[in-house]
Amino acid sequence: MKKLTYCTTVLLLSLGIYASANAAEPTANSIRSVTTQQVGDQFYVSVEFADALPEVPTGWSTKEPARVVFDFPGVKNESGKAIYAVNSNGLRNLQFVQTEQQTRLVMSLVASRGYEAEVKGKSLLIKFTPFKQVVTSKAAATATANNTITPQTKLPLVELGAVRDLVFRRGEQGQAQILIDLSDGSIPVDIRRSTGGITVDLQDTLIPERLLSKRDVNDFATPVNSITTSSQGNQARIEIAAKGAWQHQAQLVNNQLKIEIRQLTSTELNKLVPHGQEGKKISINFFDADLAMVLRTLA
């Protein structure tokens, strides 16, 4: 009986220790929203959390490319968006990158600049030095009686799309296939033929650095020579260089844009020219000519 009592006591103590350990586990925090503010010559980024941060998180900056980065361990991004366009006061955009362990805030700048960060209530307030001048202590002291920033101008945040991946492959019939994975299938896409190929513009879309390059795909023996990706502000551009006589098709299914380019056969080339009208190519130069005369000549 004594032995049974001892085992029961040990079991109850173990359960008590287990329950205490579970009660001590912290609740996961989350990001609720992000805003930007202009106060005089000061520029602020405010990140609001569900619970107050215990301390200022780890942050660092880089010069090439100009960025400021913060890591939030054990925090999820529940703001509803991953990428925001700012394009004001030297800040291009904000991006949240989430993993199982943490969320990373990446702020892309026009040029490298100083910053300060502090925890105010449930928000992390990041203050940047003026874009073209050195900050002074008096200019930095802009606060109300309750120690919160009073915004003079709230800058709008625009959600940006992103190119997640870009794959080139050769089809079974020798055609070139370019597969572009997008974060959102509603991204405005402009596809047009240009000199020597096709230009694809994606509005309000970012291309990650790992995809910014020029790919030489000559070895695949398709009509495509190369694929060049670039970023101009908030517009992503994909330039596809092609050779010979070819035609293309493009389709957007869900979040994937597929562009297919294939070489025209000799039969298809002959169909492009009406029978009996084949001939040598000629060049006609019109300078200071009457429009009616030009139309008659072409006719």
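I will try to describe carefully the structure that is included in this document. Note that the structure is a prediction, hence the values are computed from the model and not measured.

Calculation notes
- Residues numbered from 1 in each chain as written.
- Predicted model: local features only at pLDDT ≥ 70, side-chain atom pairs only at ≥ 80, totals over all residues.
- Heavy atoms only, no water.
- Helix = DSSP H or I, 4+ residues; strand = E, 2+ residues; numbered from the N terminus.
- Contact = heavy atoms within 4.5 Å.
- Areas by Shrake-Rupley, 256 points an atom, 1.4 Å probe, with all protein chains shown as cover.
- Pairing = 2+ DSSP bridges.
- Polar contact = N/O pair within 3.5 Å; in protein donor to acceptor, adjacent residues only side chain to side chain.
- Axes fitted to C-alpha atoms, helices over the stretch in contact; angles between N-to-C directions.
- Buried < 20%, exposed > 50% of the residue type's maximum accessible area, 1.4 Å probe, protein only.
- Salt bridge = Lys/Arg side-chain N within 4 Å of Asp/Glu carboxyl O.
- Patch = residues over 30% accessible without salt bridge, like charges linked within 9 Å, V, L, I, M, F, W, Y side chains within 5 Å.
- Core = buried A, V, L, I, M, F, W, Y, C linked by side-chain atoms within 4.5 Å.
- Phe/Tyr/Trp six-rings, centres within 6.5 Å; stacked < 30°, edge-to-face > 60°.
- Lys NZ or Arg CZ within 6 Å of the ring centre and 35° of its normal.

1. Examining the overall build of the protein
Scanning the protein from N- to C-terminus turns up four helices and 22 strands. Here the contacts in the protein between residues at least 6 apart in sequence split such that 56% fall between residues at least 24 apart. Summing over all exposed atoms, the protein offers an accessible surface of approximately 18700 Å²; the carbon and sulfur share of this is 52%.

2. Quick notes on the sheet that holds strand β22 (residues 256-263)
Sheet architecture is open: five strands sit in the order β17-β13-β14-β22-β21, paired in mixed fashion. Looking at the sheet topology across the chains shown, the edges are occupied by β17 (205-206) and β21 (246-253). Pairing geometry for strand β13 (residues 161-170) and β17, over two bridges, is parallel. Residue pairing across strands places G161 opposite T205, the latter belonging to β17.

3. A word on the side chain of Q177
The residue Q177 is located in strand β14 (residues 176-182) in this model. A distance of 2.7 Å separates a polar atom in the side chain of Q177 from a polar atom in the side chain of R169.

4. Some words on the sheet that holds strand β20 (residues 235-242)
Strand order in the open sheet formed by five strands is β15-β16-β20-β19-β18, and the pairing between neighbours is antiparallel. Each having just a single partner strand, β15 (189-194) and β18 (214-216) make up the two edges of the open sheet. Within this sheet the neighbouring strands show an average axis-to-axis angle of 15 degrees, counted without direction.

5. With respect to the pairing of β20
Strand residues, when the strand is regular, have side chains that alternate between the two faces of the sheet. In terms of burial, β20 is a largely internal element, six of the eight residues being buried. When strand β16 (residues 197-202) meets β20, the two strands line up antiparallel, connected through six bridges. By the bridge assignment, G197 is partnered in β20 with A241. The pairing of strand β19 (residues 224-232) with β20 spans eight bridges and is antiparallel. Pairing of S231 across the sheet is with A236, part of β20.

6. A look at the pattern of salt bridges
According to the stated counting rule, one finds six salt bridges in the structure shown. Here D190 makes a salt bridge to R192, at a shortest N to O gap of 2.9 Å. Of the residues examined, R192 reaches a relative accessible area of 33% and is grouped as partly exposed. With a closest N to O distance of 2.7 Å, D201 and R237 form a salt bridge. Linking D201 in strand β16 with R237 in strand β20, this pair joins segments that are 36 residues apart in sequence. For D201, a relative accessible area of 4% corresponds to the buried category. Looking at R237, the relative accessible area reads 18%, which means it is buried.

7. What to know about a nonpolar patch on the surface
A contiguous nonpolar patch, built from L291, L295 and L298 and spanning about 340 Å² of accessible area, is present on the exposed surface. Structurally, L291 can be placed in helix α4 (residues 291-298). Of the residues examined, L291 reaches a relative accessible area of 59% and is grouped as exposed.

8. Regarding the nonpolar core
In this structure, I178, I180, I259 and I261 are the most contacted members of the largest nonpolar core, which totals 24 residues. Every residue in contact with I180, bar those within four places of it in the chain, is listed here: V163, D165, L166, I238, N255, Q256, L257 and I259. Grouped together as the second largest cluster of nonpolar side chains are 23 residues, I31, L53, V86 and L94 included.

9. Structural notes on the pairing of β22
Of the strand pairs in this sheet, β14 and β22 are connected by six bridges, and their pairing is antiparallel. Bridging from a neighbouring strand, Q177 pairs with E260 of β22. Here β21 folds back onto β22, and the loop between the two strands holds two residues, one of which, N254, carries a positive phi near 55 degrees.

10. Points about the packing of aromatic side chains
Enumeration according to the criterion identifies five aromatic pairs in this entry. Each ring, one from F43 and one from F128, has its centre 6.2 Å from the other, and the planes form 40 degrees; the classification is tilted. Placement of the pair is F43 in strand β2 (residues 42-49) and F128 in strand β10 (residues 123-128), with a sequence separation of 85 residues. Arranged with centres 5.7 Å apart and planes meeting at 75 degrees, the rings of F70 and Y115 form a pair that is edge-to-face. Taken as a pair, F70 in strand β4 (residues 67-73) and Y115 in strand β9 (residues 115-120) lie far apart in primary sequence, 45 residues in all. Among the residues examined, Y115 registers a relative accessible area of 25% and is labelled partly exposed. The lysine or arginine in question, R193, covers the ring of W246, its NZ or CZ lying 3.7 Å from the ring centre.

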